[in-house]
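Coordinates in review
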Amino acid sequence: MTTPDTTPADVLQRFNRITVVGAGTIGISWAALFLGHGLTVTINDPAPDIETRVRAELADLAPMLAELGLSTEGLADRLRFEADLERAVAGADAVVENGPENLAFKRELFGRIEKVVGPDALLLTSTSGIRATDIARDLTRPGRLLVGHPFNPPHLVPLVEVVPGERTDPAAVDDAVRFYQALGKRPLVLRKEVPGFVGNRLQAALFREAVHLVEQGVVDIAELDEVVTSSIGMRWAASGPFRTFHLAGGPGGLPHFLAHLGPGLELRWTQLGDPHFDEPTVATLTEQAESAFGATPYQELQRQRDHDQLAIQRALGDRA
C-alpha cells in the first residue's frame, strides 16, 4: 500500500499501466485523462471501429486537456487496443470498467478479470448506481474492487464518488483515493452503499421536478435551464445546499433557518410533482429539446459545456 507522504508522481508511477474496459463517452474521457498524465493505456472494447473512433475523440479532447495544463504532445503514443479481455488486463496496475449498467454483465466481467490481474491491481467500476457489494458477490478476491463513479466528462468534472463494498479492503480504498487525487480529481468516500450513490440521487430529484414543471407548462426546457444556471446552479457551485441555507439563516445559521423557514420548505416537499416518462411527456420534452438545442451540432454543445465548466472551476479558485 502507498504511504501517506507518497507524491502524486509516485502514485501515478505505481498505477502506470491502466486498462480501460468499455470506450464509450465515459471510457474515452477517462483514457484521455490518463494519457494526459503520462500513463500507459490499453483499451478493451468489442466495437469494430473502436480504434478509429477513440483516436478521433482524443484529437477533439486534446485542446481541453491542454487548457487543463496536461501534456498533449504524442498523446496517443502510450495507447494500445486489445480486443481480448484477458490479454488486455494482464499486467494492468488498475482496471477501469465503463460497461453497461447491467449487474450480470459486471459480475461475469470482473470474474474473468480477477483471474488474470495481480493481487495489487485496483479494480474500479464507473457504474452510476450498482453497489460494489453486488458486483463482487461471486469473486474469490473481492478486496480490490470498488466503485469510482465519475461525472461526465470525467477528464473535466472534479468529483469521483469512491464507494467500497462490504468486502473491499480498506487499503484499496486508500489506494483509489490517492490514485484519483494524483489525477487532479476530488475523490469522496461514501460512508454507506446506496443505489445511485449521492450525486445521481440529487440529480434525479431535481430532474424529476424539472420534468414536472415543463410537463405542466410552467416553463419550457430552455427556461428551466436558465433558472438553474442563473440561480441555484451558481449558488450551489460556490457553497452547496447546506452552506447556502446555513448562510440564509443569518447569524443563527442553519438552526435558525430550519426553525423559521423549515416548515414552509417541508410543506413544499408535499407539493412537488410525480411525473412519468409516458408518451405525451416524452413527446413534449423531445419537441422542446429539438427547438432549444437542435440547431447546434452535438460536438459544439459539448465544447460549450466543457469550456463553461472549466470557467466555473477557475472562477471558484480552480478547485479541481
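Presented here is an overview of the structure given in this document. (Residues numbered from 1 in each chain as written. Predicted model: local features only at pLDDT ≥ 70, side-chain atom pairs only at ≥ 80, totals over all residues. Heavy atoms only, no water.)

**Digging into the packing of helix H3 (residues 50-67) against helix H12 (residues 298-315)**
- Packing of H3 against H12 brings their axes to within 11 Å, and their N-to-C directions diverge by 10°. In terms of orientation, H3 lies roughly parallel with respect to H12. When H3 is examined against H12, the residues Asp60, Met64 and Glu67 are found in contact with a partner set consisting of Gln299, Asp306, His307, Leu310 and Arg314.
- Split by residue class, the contact of H3 with H12 holds two nonpolar, two polar and four charged. (Axes fitted to C-alpha atoms, helices over the stretch in contact; angles between N-to-C directions. Helix = DSSP H or I, 4+ residues; strand = E, 2+ residues; numbered from the N terminus. Parallel < 35°, antiparallel > 145°, perpendicular 65-115°, else oblique. Contact = heavy atoms within 4.5 Å. Nonpolar A, V, L, I, M, F, W, Y, C, P; charged D, E, K, R; others polar.)

**Topic: the packing of aromatic side chains**
- Counted according to the given criterion, the structure contains six aromatic pairs.
- Here the aromatic rings of Phe179 and Tyr180 are separated by 5.6 Å at their centres, their planes lie at 50°, and the arrangement is tilted.
- Since its relative accessible area comes to 2%, Tyr180 is described here as buried.
- In this structure an aromatic cluster arises from ring pairing among Phe15, Trp30, Phe34, Phe179 and Tyr180. (Phe/Tyr/Trp six-rings, centres within 6.5 Å; stacked < 30°, edge-to-face > 60°. Buried < 20%, exposed > 50% of the residue type's maximum accessible area, 1.4 Å probe, protein only.)

**Considerations on the packing of helix H8 (residues 199-215) against helix H11 (residues 279-293)**
- One can describe the packing of H8 onto H11 by two numbers: an axis separation of 10 Å at closest approach and a directional angle of 90°. In this view, H8 runs roughly perpendicular relative to H11, as classed from their interaxial angle. Of the residues in H11, those touching H8 at Val211, Val214 and Glu215 are Thr281, Thr284, Leu285 and Gln288.
- Of the residues in the contact of H8 with H11, the class split is three nonpolar, three polar and one charged.

**Thoughts on helix H2 (residues 25-36)**
- The end-to-end C-alpha distance of H2, which contains twelve residues, comes to 17 Å, matching closely the 16 Å that a straight helix rising 1.5 Å per residue would cover.
- Taken across its twelve residues, H2 has ten buried, putting it largely inside the fold.
- Among the residues of H2, those classed as buried are Gly27, Ile28, Ser29, Trp30, Ala31, Ala32, Leu33, Phe34, Leu35 and Gly36.
- Two residues or fewer past H2, Gly38 is found with a positive phi of approximately 85°. (Expected span 1.5 Å × (residues − 1).)

**Some details on the pattern of salt bridges**
- Under the counting rule described, the total for this entry stands at 15 salt bridges.
- Measuring nitrogen to oxygen at the nearest pair gives 3.2 Å for the salt bridge that ties Arg144 to Asp175. Of this pair, Arg144 sits in the loop between helix H6 (132-135) and strand E6 (145-150) while Asp175 sits in helix H7 (residues 170-182), and the two are 31 residues apart along the sequence.
- When its relative accessible area of 12% is taken as the criterion, Arg144 is described as buried. (Salt bridge = Lys/Arg side-chain N within 4 Å of Asp/Glu carboxyl O.)

**Considerations on the layout of surface pockets**
- Taken as a whole, the second largest pocket holds about 400 Å³ of empty space.
- In terms of lining residues, the second largest pocket is bounded by 20 residues, among which Glu57, Asp60, Leu61, Gln302 and Asp306 are the most central.
- At the level of elements, H2, H3 and H12 are the ones that each hand at least two residues to the lining of the second largest pocket.
- Partitioning the lining of the second largest pocket into residue classes produces six nonpolar, eight polar and six charged. (1 Å grid on protein atoms, 1.4 Å probe; cavity = no way out; pocket = protein on both sides within 12 Å on 5 of 7 lines; lining within 4 Å. Points joined across faces, edges and corners; volume = space filled by probe spheres on them.)

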